[in-house]
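The primary structure of each chain is shown beneath.
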Amino acid sequence: MFLKSSFTTLVVGVFVVYVLHTCWVMYGIVYTKPCNPPNGANCITPYLSGMPKLEMSIYAAPRPNADGGHTLIHKEEIFDVQDKFERIVNVSLPKKTRNNGTLYALVFVHQAGVTPWQDPRQVHLVAQLTTYMVPKPPEISLISREDQTQHTAEETQQTKPRESGPTAGGGGASMSDQPVSHWRSRLTLNIVGDHFVFDRESLPSDVHRYLRVFQNGKKMVYLPLLFVDELSNRVKDLLEINKTTMELPLTITYDAISLGRLRFWIHMQDAVYSLQQFGFTEKDADEIKGIFTDTNLYFLALTFFVAAFHLLFDFLAFKNDISFWKQKKSMVGMSSKAVLWRCFSTIVIFLYLFDEQTSLLVLIPAGVGAVIEVWKVKKALKIQVFWKGGKPAFLFGKLDESERRTEEYDTLAMKYLSYLLYPLCFGGALYALIFLRYKSWYSWLINSLVNGVYAFGFLFMLPQLFVNYKLKSVAHLPWKAFMYKAFNTFIDDVFAFIITMPTSHRLACFRDDVVFLIYLYQRWLYPVDKTRVNEYGVSYDDKPRRKTHKD
């Protein structure tokens with residue numbers, strides 16, 4: 001008991017240190033020490049404090065420099081750093097870009113009335129307007145075999161078949177598995193609007209790469225901090241480029257930004273870039289970008305703390321669940337059908353995520369969970385695996401009298417449940433086959449199964465309730481793991497309620513809690529005596545030992 005408590009205490013201690021360290025790092029990112037006094041010799045003052053007249057010019061070029069030709073695509077002549085605007089322009093594509101090539105945007109902020117090339121105090125950045133990605137294959141009706149015509153922006157951009165003439169969206173999906181050039185239809189620009197005075201001796205390293213300084217008498221002055229927001233480039237905004245596409249629309253968005261937000265955004269972009277260097281795909285990076293771009297920063301901070309506690313509860317639930325099943329010798333009072341269902345549903349969800357090419361951040365934990373559920377089935381059914389003649393052989397253990405009685409109750413509960421479950425699942429699969437469209441029969445099967453798992457999976461928690469009712473006992477359940485899982489479910493439900501979602505989805509999020517409340521009621525109805533070994537030969541600390549005459 002001491003060792004178990006010490007290990008849990010160690011994990012919680014590491015978790016607390018991690019949270020505090022993260023808070024300190026985040027504080028160091030968003031807070032920058034100003035120069036004091038502002039007129040000191042080590043101070044770097046902003047160029048914008050002199051209220052200069054500026055222009056913004058954006059050029060398109062096939063290479064990330066002005067060599068080899070560039071074309072002006074937009075000029076913001078009356079430009080105020082504190083303004084906010086959005087412009088939509090049509091960009092002509094060079095022949096090289098149409099032939100699976102690249103295109104870049106050269107963004108300049110310079111003095112009004114002169115070109116960027118004549119202004120020695122101009123600032124500029126290069127943004128990539130194209131990226132390479134494997135097109136999404138078209139989806140068809142499995143009955144009529146007709147191609148699906150997508151109507152949403154994301155699906156049109158990625159799945160529409162190529163046409164013989166020019167298209168506004170830039171074409172559609174290629175049947176090749178090779179990456180092709182896609183158009184980034186959004187360009188998001190920012191300039192730091194704060195007139196912040198930097199201290200030369202404590203200049204942040206993340207800002208240093210964007211800082212251009214010149215000497216103005218005895219003062220050091222830095223030019224406007226121009227920033228290209230790469231996190232706003234989402235997969236849903238990509239348009240596939242084909243040889244017949246002569247021009248494509250580009251939405252240029254500008255807004256002022258604070259210094260703290262700039263530093264935070266720089267760190268996040270560097271983190272996404274590092275993940276891509278480690279092999280994460282554009283889709284993986286897009287899911288991470290969505291965490292930051294679709295969420296308010298304050299809500300994002302709250303989400304971090306909630307996610308940290310979620311991770312802690314996940315680990316503790318995992319630890320207690322493994323410990324419980326590792327010591328489990330008898331299936332008395334446990335619903336084997338529920339264990340089989342959890343294994344089946346976890347595998348189906350993993351196959352679904354794999355078929356949808358979900359991010360590795362989600363796919364890997366789902367795969368680990370599926371392996372654990374298979375192990376639990378092996379324990380529940382008392383399966384022994386051994387090799388015979390170079391082939392695996394399986395031996396199933398026998399059930400004793402008490403286990404057979406539990407199995408009878410479990411089978412009876414599943415019989416009642418099947419009257420409701422099977423028609424619903426069959427009807428849903430038939431509806432998907434007739435009215436919806438998928439890439440293949442495999443996709444239809446996996447989608448039908450996973451929809452059944454998500455929609456009716458909570459019903460498979462009911463047989464265990466029925467077994468508890470028949471045995472008038474809950475001593476056989478892993479209550480510690482149950483509690484940690486319940487905490488995580490509650491956290492998920494609260495966020496589902498806070499975030500704008502359909503009412504039906506909110507109700508679906510709370511249905512598992514209703515079943516868990518019934519579990520708590522049964523625990524109150526059939527109390528466990530903590531001072532003695534229970535009727536299954538297990539003490540309250542989950543350590544199995546034999547009953548004694550004194551017990």
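Up top you'll find the structure we're talking about.
The present account deals with the structure reproduced in this document. Note that this is a predicted model, so its numbers are computed, not measured. (Residues numbered from 1 in each chain as written. Predicted model: local features only at pLDDT ≥ 70, side-chain atom pairs only at ≥ 80, totals over all residues. Heavy atoms only, no water.)

Side note on unusual backbone geometry
- Cis peptide bonds are those with omega within 30 degrees of zero, and the linkage from Asn-36 to Pro-37 qualifies with 0 degrees.
- The residue Pro-37 is located in the loop between helix 1 (2–30) and strand 1 (43–46) in this model.
- Non-glycine residue Met-51 carries a positive phi angle of around 50 degrees.
- One can find Met-51 in the loop between strand 1 and strand 2 (54–61).
- Located in the positive-phi region is Asn-100, a residue other than glycine, with phi close to 65 degrees.
- Here Asn-100 falls in the partly exposed class, since its relative accessible area comes to 36%. (Helix = DSSP H or I, 4+ residues; strand = E, 2+ residues; numbered from the N terminus. Buried < 20%, exposed > 50% of the residue type's maximum accessible area, 1.4 Å probe, protein only.)

Examining the pairing of strand 5 (residues 104–111)
- Within strand 5, 7 of the 8 residues are buried, leaving the element largely enclosed by the surrounding structure.
- Examined bridge by bridge, strand 2 and strand 5 share 8 bridges and lie antiparallel to one another. Opposite Ile-58, over in strand 5, you have Val-107 as the bridge partner.
- As paired elements, strand 5 and strand 6 (residues 123–128) share 6 bridges and run antiparallel to each other. (Pairing = 2+ DSSP bridges.)

Section: the nonpolar core
- Of all hydrophobic cores here, the largest spans 35 residues; its most connected members are Met-56, Ile-58, Phe-79, Trp-183, Leu-187, Leu-189 and Leu-250.
- Of all the secondary-structure elements, those providing two or more residues to this core are strand 2, strand 3 (71–79), strand 4 (85–92), strand 5, strand 6, strand 9 (186–192), strand 13 (226–228) and strand 15 (247–257).
- Counting 25 residues, the second-largest nonpolar core is a separate cluster that includes Phe-227, Trp-265, Ile-266 and Leu-300. (Core = buried A, V, L, I, M, F, W, Y, C linked by side-chain atoms within 4.5 Å.)

Some thoughts on the state of the cysteines
- The final tally for this structure, using the stated rule, is 1 disulfide.
- With its sulfur 1.9 Å from that of its partner, Cys-35 forms a disulfide with Cys-43. The sign of the S-S torsion, about -75 degrees, decides the handedness of the disulfide formed by Cys-35 and Cys-43: left-handed. Across this residue pair, the class does not change: Cys-35 and Cys-43 are buried. (Disulfide = S-S within 2.5 Å.)

A short note on the sheet that holds strand 12 (residues 219–222)
- Pairing in this open sheet of 4 strands is mixed, and the strands run 10-1-12-11 from one edge to the other. Edge positions in the sheet fall to strand 10 (198–199) and strand 11 (213–216), since each has one partner strand and no second.
- When strand 1 meets strand 10, the two strands line up antiparallel, connected through 2 bridges. If you follow Cys-43 over to strand 10, its bridge partner there is Asp-199.

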